[in-house]
There are 2 protein chains.
Amino acid sequence: MTSRLKDVAALAGVSIRTVSNVVSGSGAVAEHTRVKVQAALDELGYRPNAAARNLRAGRTGLIGLAIPELHSPYFSELAGLLVQAAQQRSWTVVIDQTFGDADAERRLLEGTGGRVVDGLIISPWALSPEDLAAHARGVPLVFLGERSPGGLADRVAVDNVPAADEATTHLLGLGRRRIAALGLQPHLHNGTARQRHEGYTAALRRAGIAPDPALERTVATLHREDGYAAMSALLDEGVEVDAVFAFSDELALGALHCAHQRGLRIPGDLAVVGFDGIDNARWAHPALTTVVPDKRQITERALQCLADRIYSPASAVPPQDIVVPHHLEIRASTVG
Amino acid sequence: MTSRLKDVAALAGVSIRTVSNVVSGSGAVAEHTRVKVQAALDELGYRPNAAARNLRAGRTGLIGLAIPELHSPYFSELAGLLVQAAQQRSWTVVIDQTFGDADAERRLLEGTGGRVVDGLIISPWALSPEDLAAHARGVPLVFLGERSPGGLADRVAVDNVPAADEATTHLLGLGRRRIAALGLQPHLHNGTARQRHEGYTAALRRAGIAPDPALERTVATLHREDGYAAMSALLDEGVEVDAVFAFSDELALGALHCAHQRGLRIPGDLAVVGFDGIDNARWAHPALTTVVPDKRQITERALQCLADRIYSPASAVPPQDIVVPHHLEIRASTVG
DNA sequence: GTGAAAGCGCTAACAA
DNA sequence: TTGTTAGCGCTTTCAC
């Protein structure tokens, strides 16, 4: 069933070398030889053995994408784009899920069970920069959304502070004054939430509003359940609130769900802004205003970083900190 | 940086063979030797070269998952589960997106470009069984959701006809008589929609209701946009309707969105049932009744099929047609 | 323009 | 119990 170069060579009556040249298109081959070889190739239905090529090349043609989970909308959209973009560069993506588990992240960085990928794009969750730095090994790394540990690797992300500032300023511009921040995660060593909180606070301060701890809500994860729970708690405690800035769209959707159940009018009683620009947000009820990172650029730039490191390890550019654009997509959940 | 077996052997003062035995845990090694070797292993931070192992073993340890798209909820949930399940069997999953393109599906089956997987799990969309059969090649195949072409490969799916029947019967039991079927795809050679339509029709007939062509709506894809458009058209045409059975949850969510905009009460004016059991459905407004396939079993069984074919190609069991369970999850969109 | 052969890192058959 | 060595299939240097 599977034929080797050797078989094709035998059938065509030439050497292995010549067949290899025809297959790869490299080297010079006389026209009549190449026709003959091509015929043999077709007859045997030859397909190159990837393992052998990889061994020879010292590469696998595989890159890893490590994300907390594949089933959440933000990451599945990102993964889909990455798979596509990688394909154009003849790379194949293998996806690993860490489920926010520190050990899983560590294991991944150490290169589980064998050197398999040529590079790794990782969206850290539980690990701190220090931890990450301590375990990074061998393969080129690109961090998504988290500052690179001590300039150890490239990093691609939106600028969280101004993005959060922008979202909050939008709410302030609508006359809201009691704006809740949903999504703090002080227990994590991942700094994304911290940065968004920073932007939120900055905007409030600029508007002359003192941040109110009662309006800042911690969550365990960024899922809808958590947004729902946080919003419920807020309302149960009787905290006065006229807007919500959620650190993820899923949190925002959960909050929206809760607000509906309580009979609040959106955006009349409560304006809501999310973060991530997931497709769901457009279909929310009402459609959700959200900070949209340019996901295509995130994947493109991350791959570019990897390509540079993998193919030109010699030209050791210092680790890059790449900021991709974002924009605030204003929809009915704030401007009804 | 990367050390080979040879380097470890040199450092430990033993032969390659012995190191290999220690690494793989096979063969007999004297305790004091293994301690010595292990020390060398640790010191050099040895990790096996996957490409070399694969070449040797004649396997890649990779399995492919070919789905129309990764960003839609159903497929990302499925992919997430598969990645997890595969990990437990020491397999790595590479994901390919076909975007419902017939050529992409064909190319995948032919195993283009040289990246060779040990097996392929494919969720066909555009290709007919005949086409699939014509292009299947070499690697073990498992079809998801579509009958295997001429018993050529294993297939794992829910039983669409009874599932659709059940959903429709549920609506009939609520006294609905003008039940729309949303999601016909006569242009595709993929039989899923046809089977769901069959179940729908059967349930109607059993209730003494003649299917009304005006209630059967064709869609291009299974996305929310299509559900929204189909529902809009239905209402615009003034077709009398008191329930919708959508062939996917996304279609149902789109229809729901449209119904809301038109001011219909759910389920008072319109009861809605979806299909797929995506997480979103729970968070819809109101929560969506849906047919839930056991996704975990789908991935488990598919992997089991692959494992059987890959590891015991000799014991040629005839292609299996595996039916996984489903259940109708009744929520507020039908029983308010 | 084409052939012969080395060697990528690993496993396992064969020796000792 | 451990060492030696022949390939797995491919690319590529060196010779012709």
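Fair warning: this is a prediction, and the values are worked out from it, not measured in the lab.

Overview of the protein's contact with DNA strand C
Within the structure, DNA strand C sits among 21 residues, and Ser15(A), Arg17(A), Thr33(A), Tyr46(B) and Arg56(B) are positioned closest to it. Of what DNA strand C places within 4 Å of the protein, 66% of the atoms are sugar or phosphate. A distance of 2.9 Å is found between a phosphate oxygen of DNA strand C and a backbone nitrogen or oxygen belonging to Ala30(A). For DNA strand C, a phosphate oxygen lies 3.1 Å from a polar atom in the side chain of Arg4(B). For the surface near DNA strand C, the secondary structure elements donating two or more residues are α2 (16-24) and α4 (50-57) of chain A together with α2 (16-24) and α4 (50-57) of chain B.

Observations concerning the environment of Gln304(B)
All names here are of chain B. By the secondary structure assignment, Gln 304 is in helix α13 (residues 295-311). Residue Gln 304 is classed as partly exposed on the basis of its relative accessible area, which comes to 34%. In the structure, Gln 304 is positioned 243 residues away from Gly 61 in sequence and 15 Å away in space, judged by C-alpha atoms.

As for the interface of chain A and chain B
The partner chain B presents 49 residues to the 49 residues of chain A that form the contact. Taken together, both faces of the contact between chain A and chain B bury some 4000 Å²; the carbon and sulfur share is 59%. Inspection of the region where chain A meets chain B yields four salt bridges. With a shortest N-O distance of 3.7 Å, Asp279(A) and Arg224(B) are connected by a salt bridge. Per element, the largest residue contribution to the side of chain A that touches chain B is seven residues, and it comes from helix α5 (residues 73-88) of chain A. Partitioned by chemical class, the residues of the side of chain A that touches chain B number 18 nonpolar, 20 polar and 11 charged.

Quick look at the sheet that holds strand β7 (residues 216-218) of chain A
All names here are of chain A. If you walk across this open sheet you meet the six strands as β7-β6-β8-β9-β10-β12, and the pairing is mixed. Bordering the open sheet on either side are β7 and β12 (326-329), each of which pairs with just one other strand. Taking each pair of neighbouring strands and ignoring which way they run, the sheet shows an average axis angle of 15°. Pairing of strand β6 (residues 179-184) with β7 involves three bridges; the strand directions are parallel.

Looking at the environment of Ala252(A)
Residue and element names in this part refer to chain A. Mapped onto the secondary structure, Ala 252 falls in helix α11 (residues 249-261). Counting along the chain gives 93 residues from Ala 252 to Asp 159, while the straight-line C-alpha distance between them is 20 Å. Setting aside residues no more than four positions away along its own chain, Ala 252 makes contact with Ala 246, Val 272, Val 273, Gly 274 and Leu 288.

What to know about the protein's contact with DNA strand D
The local shell around DNA strand D holds 21 residues, among which Tyr46(A), Arg56(A), Arg17(B), Thr18(B) and Thr33(B) are the closest. In DNA strand D, the atoms that sit within 4 Å of the protein are 61% sugar and phosphate, with bases accounting for the remainder. Interatomic distance of 2.8 Å between a side-chain N/O atom of Arg53(A) and a phosphate oxygen of DNA strand D. Backbone polar atom of Ser15(B) to a phosphate oxygen of DNA strand D: 2.7 Å apart, as the coordinates give it. Taken together, the elements giving at least two residues each to the surface near DNA strand D come down to α2 and α4 of chain A together with α2 and α4 of chain B.

Focus on the packing of aromatic side chains
How two aromatic rings sit relative to each other is given by the distance of their centres and the angle of their planes. What the rule picks out here adds up to eight aromatic pairs over all chains. With a centroid separation of 5.9 Å and an interplanar angle of 70°, the aromatic rings of Trp283(A) and Tyr228(B) are classed as edge-to-face. Here Trp283(A), found in the loop between α12 (279-282) and β10 (289-293), pairs with Tyr228(B), found in helix α10 (residues 224-236), and the two come from separate chains. Owing to a relative accessible area of 14%, Trp283(A) belongs among the buried residues under this scheme. The exposure class of Tyr228(B) is partly exposed, given its relative accessible area of 24%. Measuring from ring centre to ring centre gives 6.0 Å for Trp91(B) and Tyr311(B), while their planes differ by 5°; the resulting arrangement is stacked. Of this pair, Trp91(B) sits in the loop between α5 (73-88) and β2 (92-97) while Tyr311(B) sits in helix α13, and the two are 220 residues apart along the sequence. Of the residues examined, Tyr311(B) reaches a relative accessible area of 46% and is grouped as partly exposed. Its guanidinium or amino end placed over the ring of Phe275(A), Arg196(A) lies 3.6 Å from that ring's centre, counting from NZ or CZ.

What counts and what doesn't
- Chains are numbered independently. Their residues run from 1 in the order of the written sequence.
- Chain A is the first chain written and ligand 1 is the first ligand written, with later ones labelled in order.
- The predicted nature of this model means local features are confined to residues of pLDDT at least 70 and side-chain atom pairs, given and counted, to a pLDDT of 80 or more, with totals for whole chains, interfaces and linings taken over all residues.
- Only hydrogens and water are set aside when side-chain values are computed; all heavy atoms of the structure are taken into account.
- Definition of nearness: a residue and a molecule or strand are near each other if at least one heavy atom of the residue lies within 4 Å of the molecule or strand.
- Identification of polar contacts relies on pairs of N or O atoms within 3.5 Å, with a donor-acceptor requirement for protein atoms, meaning one able to donate a hydrogen and the other able to accept it, and with residues adjacent in sequence counted only if both atoms are side-chain atoms.
- For helices the rule is a DSSP run of H or I covering at least 4 residues; for strands it is a run of E covering at least 2, with both sets numbered from the N terminus onward.
- Only protein chains enter the accessibility calculation, which uses a 1.4 Å probe; a residue is then buried when its area is under 20% of its type maximum, exposed when over 50%, and partly exposed in between.
- Any two residues having at least one pair of non-hydrogen atoms within 4.5 Å are treated as being in contact.
- By buried area we mean the combined loss of accessible area, with a 1.4 Å probe, across both parts when two parts are placed together.
- Should a side-chain nitrogen of Lys or Arg be within 4 Å of a carboxyl oxygen of Asp or Glu, the pair is scored as a salt bridge.
- The classification used treats Ala, Val, Leu, Ile, Met, Phe, Trp, Tyr, Cys and Pro as nonpolar, Asp, Glu, Lys and Arg as charged, and all other residues, Gly among them, as polar.
- We call two strands paired when DSSP finds no fewer than two bridges between them.
- Here an axis means a line fitted to C-alpha atoms, over the contact stretch when the element is a helix, while the angle between two N-to-C directions is reported on a 0 to 180 degree scale.
- The criterion for an aromatic pair is that two Phe, Tyr or Trp rings (for Trp, the six-membered ring) have centres within 6.5 Å, with stacked assigned to planes under 30 degrees apart, edge-to-face to planes over 60 apart and tilted to the rest.
- Two thresholds decide whether a charge sits over a ring: the Lys NZ or Arg CZ must be within 6 Å of the ring centre and within 35 degrees of the ring normal.

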